[in-house]
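Residue-level listing of the chains:
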Amino acid sequence: MLRKFDYSWLLLKRSLWLLLPIAGIGMAESRLSQQRCTNLTISIQGDSGTRFLDQMDVRMLLTENGGDPLLGNKLSDVALNDLENRVKRNKLIKKCQVFRDLRGNIVVEVEQEKPLARWINTSENGETRNTSGYYISDEGVFFPLSESYSARTLLVSGSFFNDAKKLQTAKGASVMDLLHFLNSDPFWKAQVTQLDADNDGEISLMTVVGDQQIELGSAEDYQSKFRKLRIFYDKVLSQDWSRYKKISVKFQDQIVCE
């Protein structure tokens with residue numbers, strides 16, 4: 001049985017184990033509140049080679065184009081949420097996290113939007129009207145072109161893409177699935193250069209080898225249509241790529257060629 005003195009000493013030791021970490025945290029917080037910003041550490045995540053923005057672009061966003069410098073400011077006076085919101089106002093940025101470390105750095109981690117396709121403005125005969133357009137992300141979000149970098153991705157055109165809300169419908173979900181397929185399948189990624197979708201979602205594809213126009217119809221059940229197309233490519237077109245200029249697989253169980 002523990003004596004009264006031993007019990008009091010054991011209770012004191014346990015209390016010290018609880019109080020010392022709390023005191024240490026308090027001292028660290030007090031020191032941190034007096035610490036000043038010594039550097040901005042910026043990292044930009046995204047696909048390898050894709051650089052819509054560089055570190056200087058992010059620095060300009062953080063400091064309001066240099067009008068609100070951060071270096072030398074007390075870290076306790078820096079509103080991290082405000083900095084995140086400044087950066088996220090740029091539509092090329094998908095996510096942003098800002099925090100401070102114990103060395104006096106403000107750390108900024110940025111994730112760029114990932115382009116799945118690029119919409120171009122075309123006339124009814126397929127000619128590009130101007131250089132305006134936008135990217136479509138892998139989540140169906142529209143975001144602007146970059147002045148400093150042009151991503152190599154699938155081109156899309158047609159009035160279906162004039163309304164961003166259409167990509168949130170059931171028909172739009174099928175179109176997005178098709179875009180993902182065309183970006184992931186090695187053969188069709190190399191062969192298809194442009195996808196055009198009219199207001200009703202009827203799709204035509206332009207190809208590299210053979211320069212054919214492929215009438216796909218709606219994006220629904222695109223898997224079976226591309227299986228038929230691949231068989232047709234292997235058995236017919238591989239003998240003469242310029243044999244046909246127009247191929248239609250929009251009708252069930254048949255391929256129509258011109």
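Residues numbered from 1 in each chain as written. Predicted model: local features only at pLDDT ≥ 70, side-chain atom pairs only at ≥ 80, totals over all residues. Heavy atoms only, no water.

J.: Describe the nonpolar core, with residues and values.
T.: Membership of the largest hydrophobic core comes to 34 residues, with the highest contact counts inside it found for Phe161, Leu178, Leu182, Leu195 and Phe226. Counting residues per element, this core draws most heavily on helix α4 (residues 170-184), which supplies six residues. Ignoring sequence-local partners within four residues, the contact set of Phe226 consists of Leu178, Phe181, Leu182, Trp188, Leu205 and Leu216. (Core = buried A, V, L, I, M, F, W, Y, C linked by side-chain atoms within 4.5 Å. Buried < 20%, exposed > 50% of the residue type's maximum accessible area, 1.4 Å probe, protein only. Helix = DSSP H or I, 4+ residues; strand = E, 2+ residues; numbered from the N terminus. Contact = heavy atoms within 4.5 Å.)

J.: So what's going on with helix α6 (residues 222-235)? Residues and values would help.
T.: With 14 residues, α6 extends 20 Å between its outermost C-alpha atoms, agreeing within 8% with the 20 Å of an ideal straight helix rising 1.5 Å per residue. Taken as a whole, α6 has its buried residues at Tyr222, Ser224, Lys225, Phe226, Leu229, Phe232 and Tyr233. If you follow the buried residues of α6, they end up packed against α4, α5 (186-191), β9 (203-207), β10 (213-217), β11 (246-248) and β12 (256-257). (Expected span 1.5 Å × (residues − 1).)

J.: Break down the pattern of salt bridges for me, with residues and values.
T.: The final tally for this structure, using the stated rule, is seven salt bridges. Residue Glu64 pairs with Arg86 through a salt bridge whose shortest N-O separation is 3.5 Å. One end of the pair, Glu64, is in the loop between α2 (55-62) and α3 (80-88); the other, Arg86, is in helix α3, and 22 residues separate them in sequence. Relative accessible area serves as the criterion here: at 14%, Arg86 is assigned to the buried category. Ionic pairing is found between Lys246 and Glu215, a salt bridge with its closest N-O pair at 3.1 Å. Here Lys246, found in strand β11, pairs with Glu215, found in strand β10; they are 31 residues apart in sequence, far enough to count as distant. The exposure class assigned to Lys246 is partly exposed, which follows from its relative accessible area of 27%. Among the charged side chains, a network of salt bridges with common partners joins Glu64, Asp68, Arg86 and Arg89. (Salt bridge = Lys/Arg side-chain N within 4 Å of Asp/Glu carboxyl O.)

J.: Which residues make up the sheet that holds strand β1 (residues 39-45), and what values do they have?
T.: In space, the three strands of this open sheet follow the order β1-β3-β2, with mixed pairing throughout. In this open sheet, the two edge strands, each paired with only one partner strand, are β1 and β2 (93-100). Here the strands of the sheet are splayed against their neighbours by 15 degrees on average, with no regard to which way each runs. Judged from the seven bridges that link them, β2 and strand β3 (residues 105-112) form a sheet pairing that is antiparallel. Note that in β3 the partner of Ile93 across the bridge is Gln112. Across the sheet, α2 is in contact with β1, β2 and β3; its angle to β1 comes to roughly 120 degrees. Strands in contact with α3 are β2 and β3; relative to β2, the strand with the most contacts, it is inclined by about 155 degrees. (Pairing = 2+ DSSP bridges. Axes fitted to C-alpha atoms, helices over the stretch in contact; angles between N-to-C directions.)

Distances and angles like these do not, on their own, reveal function.
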